[in-house]
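So you can see what is in the structure, the chains are spelled out below.
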4 protein chains.
Amino acid sequence: MINVTIWNEFLNEKLNDEAKQIYPDGIHKALADGLAGEGFAIRTATLRDDAEHGLGEEVLNSTDVLLWWGHKAHDQVSDEVTARVVKRVQEGMGLIVLHSGHFSKPFKALMGTSCDLKWRVAGEQEIIWSVNPSHPIAEGIDAKILLKQEEMYGEFFDIPAPDELVFVSNFEGGEVFRTGCTFRRGSGKIFYFRPGHETYPTYYQPDILKVIANSIRWTSPTSINKPIYGRSEPVRPLGGVLV
Amino acid sequence: MINVTIWNEFLNEKLNDEAKQIYPDGIHKALADGLAGEGFAIRTATLRDDAEHGLGEEVLNSTDVLLWWGHKAHDQVSDEVTARVVKRVQEGMGLIVLHSGHFSKPFKALMGTSCDLKWRVAGEQEIIWSVNPSHPIAEGIDAKILLKQEEMYGEFFDIPAPDELVFVSNFEGGEVFRTGCTFRRGSGKIFYFRPGHETYPTYYQPDILKVIANSIRWTSPTSINKPIYGRSEPVRPLGGVLV
Amino acid sequence: MINVTIWNEFLNEKLNDEAKQIYPDGIHKALADGLAGEGFAIRTATLRDDAEHGLGEEVLNSTDVLLWWGHKAHDQVSDEVTARVVKRVQEGMGLIVLHSGHFSKPFKALMGTSCDLKWRVAGEQEIIWSVNPSHPIAEGIDAKILLKQEEMYGEFFDIPAPDELVFVSNFEGGEVFRTGCTFRRGSGKIFYFRPGHETYPTYYQPDILKVIANSIRWTSPTSINKPIYGRSEPVRPLGGVLV
Amino acid sequence: MINVTIWNEFLNEKLNDEAKQIYPDGIHKALADGLAGEGFAIRTATLRDDAEHGLGEEVLNSTDVLLWWGHKAHDQVSDEVTARVVKRVQEGMGLIVLHSGHFSKPFKALMGTSCDLKWRVAGEQEIIWSVNPSHPIAEGIDAKILLKQEEMYGEFFDIPAPDELVFVSNFEGGEVFRTGCTFRRGSGKIFYFRPGHETYPTYYQPDILKVIANSIRWTSPTSINKPIYGRSEPVRPLGGVLV
C-alpha cells in the first residue's frame, strides 16, 4: 500500500471567503476525501500543524508520495523542512506539486530555476489536452479535461525541459501551459500538475482526481537499490594498456 | 553559405482560387522571396518539375537544408525520391517540414509514427508561444506570434516526443498543438513548424519568416565526421580478465 | 495478466553448433522458461512457423507485449507482418527488441534511422551500468550487471535519442553502448535491450531475465483511450476575435 | 565576439607538486592559452583573487560564457557569488562546468541533485565516444577521444537526465560515465564536460580544447527577448464561453 501525505498550506481556506466556501475543511481534506477509494494510506499535514509543519522526520520517512499545495506563505516553510523534503525526494520519495506549489521552496530547489510564470484570476475556461497517450499518468483520461473556471497560468513557465510532457492547457484568454510534467531527481520521481486554484471547485472533479491518483502510483518509489558513490575499486585489473 | 532548397507540392495554388490569390507564384516563391535577405543560396523545386519532382541526386547532394510543403498529393511523391531524402537527412542534410508536410512520406518515414492530428479550417486565430527562450530557433522572437487566421491543428499529434519543444500554439476553438519541434535522425537535424495553410497569408508575416530563417541555420549540417559502423577492432587489448 | 509473445528467428540455434549447444530448443524457449515464474501468459513464435512467421492477426491482436530476437534473416520477415507489428505497436502493444533485433524491419521502421552500430565477436567482458535508478525497468537491479562474455556493440548507435536512457555498457575492448533505451511511438512503448548473442548463455542469467521481466511490465499497454484524429468541431465558439 | 571568463579554484596547482608541474600557472592559464586562437575575448578569475573570487558584478555582467573548475574548496565560494552566478545563468549566460566542478555550489544549485558519483585516481585510460554526431559540440571531433591517463568518474552520476547526451566515457577499470551533457536553465545553456584531473595534461590535448571551444560557442547567449512573468491581460476577450 502506498503511503501518501497530503501537505497543504491551509491559509486561503481560512482567510478568503470564496475559498472557505468551496473547501471548508481545506484543500487537503477535499483531496483526501476524493482519493479515499483509491486504496492509498492517506495522511494530511499543514503549515501550522507544528514547528515542522507536520513534516517531522518520522512522517517523511514513512511517506512514499508527498503532495504539496502552497501559495501565500512559501517563505514560512523552514529551510530545515525544505532540505528534508528535497533529500527524501532524492532518496526516492515521490513528490506531486500542485498549482501554486510551483513557487514552493522544495520545488524550486529541485528544479534549479525560478519556476516563474504568467497568471490571471478571471474565472476563465481551461482545457487540458493529453499529449502522451501511453503514459500511466494519462491512463483512463479522455483526450481533454474541461475546467469551467480556473486561474490562468501561461508560458513561459521557467522550469527545466520536463523529462516527459503529459498534459498541455489551452486558456480562453489565449495562453498555453505545460500543465502536466514529470521530472526525476536522484532516485525520486516528481509530477507537477497545474490545476487547483483555491476559489474554484477543481479538486472535486473526477478526472482531475483520477490524474492525481495515477500520478501517485507513477511517482511511488520503485527502486530498491541505492546508488553507491565515492572512491571505488576497478571492476577490471588496470595496467598494461598502451595507447 | 547555406544551400537551401524549398520544395513545394504546388497544386493548391493552381487549383484553389483563394490559394492562387494569396500565393500566385506558389508558396515556394513566397518563401524564397521572404528569405531573400538572409544570406542563403536558395533554389526551389516542385512536384511536377520532372520525374524526380525536382529532387534529383545532384540537387539533393548539393542541398544543406531542404524545406518541405505538401498537402494534396503526398502519395505522388515517388518511393525512390522519398528514400533519397530520408538517406540525405540521415547523412546530415537539414530538413524543415512545414504545416501539412506532417503527412509527407519523408517525415512519416523519419518519425516512425502516423503523424496524424486533429484539424479544422475555420479562419480562427492562432497564438504561438515560445517555451524554450534560449533555443536558437526562438532567437529574436517575441514571447508570442499572433496569426489572425489559420487552420487549426490539434493534439494528439502522433509524433515521437520531440528532442526539444520550442513553440506551442493556442487556438481560438480551444485546442493546443506542439507547433515547433526538433528531432535528430542519424547525422541530420529536423524541425517541424506548424503554420502555413495555403489560404492564409502566413508566409508573408515577418516573425514567421524569422523562425524559418533561424531554423535553416539550426538544421544546417554541423558535423564533418561520419560515424563508422561494422566490424571493429578493440581499442584496448582483450584477454586476461577474470570475472 | 500480461499476454507475452516471444518471437525468435530460430535459425542460429539450428545451424550453429555453439548456439545449438547453449540454446538447444532456441532462445525463445530459454526466455519462456526463464520468465515462467513472473506471472505472464507466454507464447512463442518463430520465423518458419507459418506463412506469417507465427504472427497472424489473431496472435498479434491478443498480444500485450512482443519480444523480438532476429539476426540472420531480417529480410525474410514479410513486409505485411512488419506493417502489422508496427501498427499494433502504434496502437498500444509493447515491443521489446533484443540484441541483433536492432536491425529488424519493425524496429527500423519505428525508429526512422539506420540502427547501425559497431560490433565484434571476441568473447569479451561486458559491464552494464544503471544510469536511471528510479526507472521501473531498473527496479531491483544492482548498480551493475556483469556478463563474462558477450558480443561487443559500440557507439555510434544510430537511433533517435531515447526518451529515457536506463543502462549503458562498458566493453573490455574500450567501447561504450546505450544498452537499455525506451521509446514511445503512438500509444505504444518500446524497450531496446542489447545483450544476448546466440553463442553466450546470457539469457540464463537471473539479472538479465529480471530486466526483461521489468520491461515487459513497463511496456505493457496502460492507456484505454484511443487518440481521436481528423476534422474536429471547436470546443469553444469561434468568431468575434479581433487581433 | 564571445566574452569568456575562465574561473579556476587555483589551489591544487600551488599545493600539489604533480599538479604544479603540469599546470605551473594554473589550469585557467593553460585553458586560456589553449583557446587563444579561437577568437574569444578571454579573462580569468580565481578563488583568492578578491573577496568576490574575481566574479564581481561587473565581471559577470560582461561575461557571455563562464568556465568553472573547482575541487578542494567548493565551500569557500561565498553564497552571494554562487547566487549571482546562478542568476546570471538563468538570465542567459552560458556555463561550462569542468571535471570536479560537478560538486561546485552553482552546478548543484542549477541541477537540484547531489551531483555525486564514483571516482578513482589510478592513472587509467579513458576513451570518450560521441553519441550525438550532429551536435555542434561534437563538430569536428573523431568518433572517439583517447586520454592516456585520467581520473575515473563512474555512474551513477546523480544529475537530472541531460537535455542532450553528447559524449560517454569508457574507463579501463570497467566503468562508464555520461561525460558530455547539456542542460538549459531559464534563458541559459549549460555544458558539463568530465575530463581534466589536475595531475594529468588533459587540457593540453587538442581534441579536448576543441570540444571546449565548441561548447563555448554552443552555450553563448542566443535569445534577445527576456521572458515576461506576472499578472497578464488576456490576448483574447473573455466571457461568453459556456461549457
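Please read all numbers here as calculations on a predicted model, not as lab measurements.

Conventions and cut-offs
- Residues numbered from 1 in each chain as written.
- Chains lettered and ligands numbered in written order.
- Predicted model: local features only at pLDDT ≥ 70, side-chain atom pairs only at ≥ 80, totals over all residues.
- Heavy atoms only, no water.
- Helix = DSSP H or I, 4+ residues; strand = E, 2+ residues; numbered from the N terminus.
- Rg over C-alpha atoms; globule rule 2.2 N^0.38 Å.
- Buried < 20%, exposed > 50% of the residue type's maximum accessible area, 1.4 Å probe, protein only.
- Contact = heavy atoms within 4.5 Å.
- Least-squares fit on C-alpha atoms with pLDDT ≥ 70 in both.
- Buried area = accessible area lost by both parts, 1.4 Å probe.
- Salt bridge = Lys/Arg side-chain N within 4 Å of Asp/Glu carboxyl O.
- Polar contact = N/O pair within 3.5 Å; in protein donor to acceptor, adjacent residues only side chain to side chain.
- Nonpolar A, V, L, I, M, F, W, Y, C, P; charged D, E, K, R; others polar.
- Pairing = 2+ DSSP bridges.
- Phe/Tyr/Trp six-rings, centres within 6.5 Å; stacked < 30°, edge-to-face > 60°.
- Lys NZ or Arg CZ within 6 Å of the ring centre and 35° of its normal.
- 1 Å grid on protein atoms, 1.4 Å probe; cavity = no way out; pocket = protein on both sides within 12 Å on 5 of 7 lines; lining within 4 Å.
- Points joined across faces, edges and corners; volume = space filled by probe spheres on them.
- Disulfide = S-S within 2.5 Å.
- pLDDT = per-residue confidence, 0-100.

A few points about the overall build of chain A
- For chain A, the count of helices and strands is 7 helices and 10 strands.
- At 19 Å, chain A has a C-alpha radius of gyration in line with the 18 Å of a compact globule built from 243 residues.
- Here chain A holds 243 residues, and 63% of them are scored as buried.
- A fraction of 72% describes how many contacts in chain A between residues 6 or more apart in sequence connect residues 24 or more apart.

Quick notes on the relation of the copies chain A and chain D
- Once chain A is rotated about the relating axis by 180° and shifted along it by 0.0 Å, it coincides with chain D to within an RMSD of 0.0 Å. In short, the pair behaves as if placed about a two-fold rotation axis. Relative to the rotation axis, the C-alpha of A:Gly112 is the closest in chain A, positioned 2.7 Å from it.
- Counting the interface residues of chain A, we find that 100% of their copies in chain D are interface residues as well, pointing to one common contact surface.

Things to note about the interface of chain A and chain D
- Contact residues are listed per partner, giving 45 residues for chain A and 45 residues for chain D.
- Here chain A packs against chain D, burying approximately 3,700 Å² in sum over the two surfaces, 56% of which is carbon and sulfur.
- For the pair chain A and chain D, the interface holds 0 salt bridges.
- In this structure, the connection of chain A to chain D is made through 22 residue pairs in polar contact (both at pLDDT 80 or more).
- Elements with a contribution of two residues or more to the side of chain A that touches chain D: α6 (105-111), β5 (118-130), β6 (144-154), β8 (176-185) and β10 (230-231) of chain A.
- With 6 residues, β5(A) is the largest single contributor of residues to the side of chain A that touches chain D.
- For the side of chain A that touches chain D, a count of residues per class yields 20 nonpolar, 11 polar and 14 charged.

Re the interface of chain C and chain B
- Contacts between the two partners involve 45 residues from chain C, matched on the other side by 45 residues from chain B.
- Where chain C meets chain B, there are 0 salt bridges.
- Linking chain C with chain B are 22 residue pairs in polar contact (both at pLDDT 80 or more).
- Counting only elements with at least two residues in the side of chain C that touches chain B, the list comes to α6 (105-111), β5 (118-130), β6 (144-154), β8 (176-185) and β10 (230-231) of chain C.
- Take the side of chain C that touches chain B: its biggest share by element is 6 residues, from β5(C).
- When its residues are assigned to classes, the side of chain C that touches chain B shows 20 nonpolar, 11 polar and 14 charged.
- Sheet topology note: the strand β10 (residues 230-231) of chain B/β5(C) ladder contains 2 bridges and is parallel. By the bridge assignment, B:Gly230 is partnered in β5(C) with C:Lys118.

Quick notes on the pairing of strand β9 (residues 188-193) of chain A
Residue and element names in this part refer to chain A.
- For β9, a buried count of 6 out of 6 residues is recorded, marking the element as mostly surrounded by other parts of the structure.
- Side chains Gly 188, Ile 190 and Tyr 192 project from β9 onto one buried face, and the interleaved Lys 189, Phe 191 and Phe 193 project onto a second face that is buried too.
- Here strand β4 (residues 94-98) runs beside β9; their pairing, made up of 4 bridges, is parallel. Within the sheet, the bridge partner assigned to Leu 95 lies in β9 and is Ile 190.
- Across 6 bridges, the pairing between β8 and β9 is antiparallel. Bridging from a neighbouring strand, Phe 183 pairs with Ile 190 of β9.

Points about the packing of aromatic side chains
- Enumeration over the complete set of coordinates arrives at 40 aromatic pairs over all chains.
- Between D:Tyr153 and D:Phe177, the aromatic rings sit 5.6 Å apart at their centres with planes inclined by 70°, giving edge-to-face as the arrangement. Highlighted residues: D:Tyr153 in strand β6 (residues 144-154) and D:Phe177 in strand β8 (residues 176-185), separated in sequence by 24 residues. Each member of the pair, D:Tyr153 as well as D:Phe177, carries the same accessibility label: buried.
- A network of ring pairs unites the aromatic residues A:Phe107, A:Tyr153, A:Phe157, A:Phe177, A:Phe183 and A:Tyr192 as a single cluster.
- Looking at A:Lys14, its charged tip hangs above the ring of A:Phe10, at a distance of 4.4 Å from the centre.
- Above the plane of the ring of C:Tyr153 lies C:Arg194, whose end atom (NZ or CZ) is 4.9 Å from the centre.

Some remarks on the relation of the copies chain C and chain B
- When chain C is fitted to chain B, the best match, at an RMSD of 0.0 Å, comes from turning it 180° and sliding it 0.0 Å along the axis.
- In this assembly the copies share their binding face: 100% of the residues contributing to the interface of chain C also contribute to that of chain B.

So, helix α3 (residues 27-34) of chain C
- Residues of α3(C) that are buried: C:Ile27, C:His28, C:Ala30, C:Leu31 and C:Ala32.
- Those residues of α3(C) that are buried lie in contact with β1 (3-8), α1 (12-15), β2 (41-46), β3 (65-69), β4 (94-98) and α7 (206-219) of chain C.

Thoughts on the pattern of salt bridges
- The final tally for this structure, using the stated rule, is 57 salt bridges over all chains.
- Of the charged contacts in the structure, one is a salt bridge between C:Arg231 and C:Glu233, with a shortest N-O distance of 3.1 Å.
- Between D:Asp79 and D:Lys105 there is a salt bridge; the shortest N-O distance is 2.8 Å. On the criterion of sequence distance, the pair formed by D:Asp79 in helix α5 (residues 79-91) and D:Lys105 in helix α6 (residues 105-111) is long-range, its members being 26 residues apart.
- On the accessibility criterion, D:Asp79 (58% relative accessible area) is exposed.

Considering unusual backbone geometry
- For the bond running from C:Glu155 to C:Phe156, omega is 15°, close enough to zero to count as cis.
- Along the polypeptide, C:Phe156 turns up in the loop between β6 and β7 (164-171).
- Although it is not a glycine, B:Cys115 sits at a positive phi angle of roughly 60°.
- Tracing the sequence through the fold places B:Cys115 in the loop between α6 (105-111) and β5 (118-130).
- Non-glycine residue C:His53 carries a positive phi angle of around 55°.
- Along the chain, C:His53 turns up in the loop between β2 and α4 (57-61).

Section: empty space enclosed by the protein
- Enumeration over the complete set of coordinates arrives at 4 cavities of 30 Å³ or more.
- Within this model, the second largest cavity holds a volume of roughly 130 Å³.
- Forming the boundary of the second largest cavity are 14 residues, of which B:Ser130, B:Pro133, B:Ala143, D:Asn225 and D:Pro227 lie nearest the centre.
- When its residues are assigned to classes, the lining of the second largest cavity shows 7 nonpolar, 3 polar and 4 charged.

Quick look at the environment of A:Asp17
- Looking at where A:Asp17 falls in the secondary structure, it is placed in helix α2 (residues 17-22).
- Each C-alpha atom of the pair A:Asp17 and A:Thr199 lies 8.8 Å from the other, and the pair is 182 residues apart in sequence.

Comments concerning the state of the cysteines
- Going through the model one piece at a time under the given rule, you end up with 0 disulfides over all chains.
- No disulfide involves A:Cys181; its nearest neighbouring cysteine sulfur is the one of A:Cys115, lying 11 Å away.

With respect to the pairing of β5(C)
Residues and elements named next belong to chain C.
- Among the 13 residues in β5, 10 count as buried, and that is most of the element.
- Bridge count for β5 against β6 is 8 bridges, and the pairing is antiparallel. Residue pairing across strands places Ile 127 opposite Leu 146, the latter belonging to β6.
- Two elements, β5 and β7, share 5 bridges in a ladder whose sense is antiparallel. Bridged to Ile 128 within β7 is Ser 169.

Overview of the environment of C:Ala161
- Within the fold, C:Ala161 resides in the loop between β6 and β7.
- In contact with C:Ala161, other than residues within four places in its own chain, are B:Asp163 and C:Phe183.

A word on the side chain of A:Ser134
- Following the sequence through the fold, A:Ser134 ends up in the loop between β5 and β6.
- In this structure A:Ser134 touches C:Arg184, C:Ser187, C:Gly188, C:Lys189, C:Thr222 and C:Ser223, once residues within four positions along its chain are discounted.

What about the confidence of the model for chain A?
- Averaged over every residue, the pLDDT of chain A is 96; the share at 70 or more is 98%.
- In the predicted assembly, ipTM is 0.96 and pTM is 0.97.

Considerations on the environment of B:Thr46
All names here are of chain B.
- Its location among the elements puts Thr 46 in strand β2 (residues 41-46).
- With 22 residues separating them in the primary sequence, Thr 46 and Trp 68 have C-alpha atoms 9.7 Å apart.
- Beyond its immediate stretch of four places on either side in the chain, Thr 46 contacts Trp 7, Asn 8, Glu 9, Phe 10, His 28, His 53 and Gly 54.
- In terms of polar contacts, Thr 46 uses its side chain to reach the side chain of Asp 49, at 2.6 Å.

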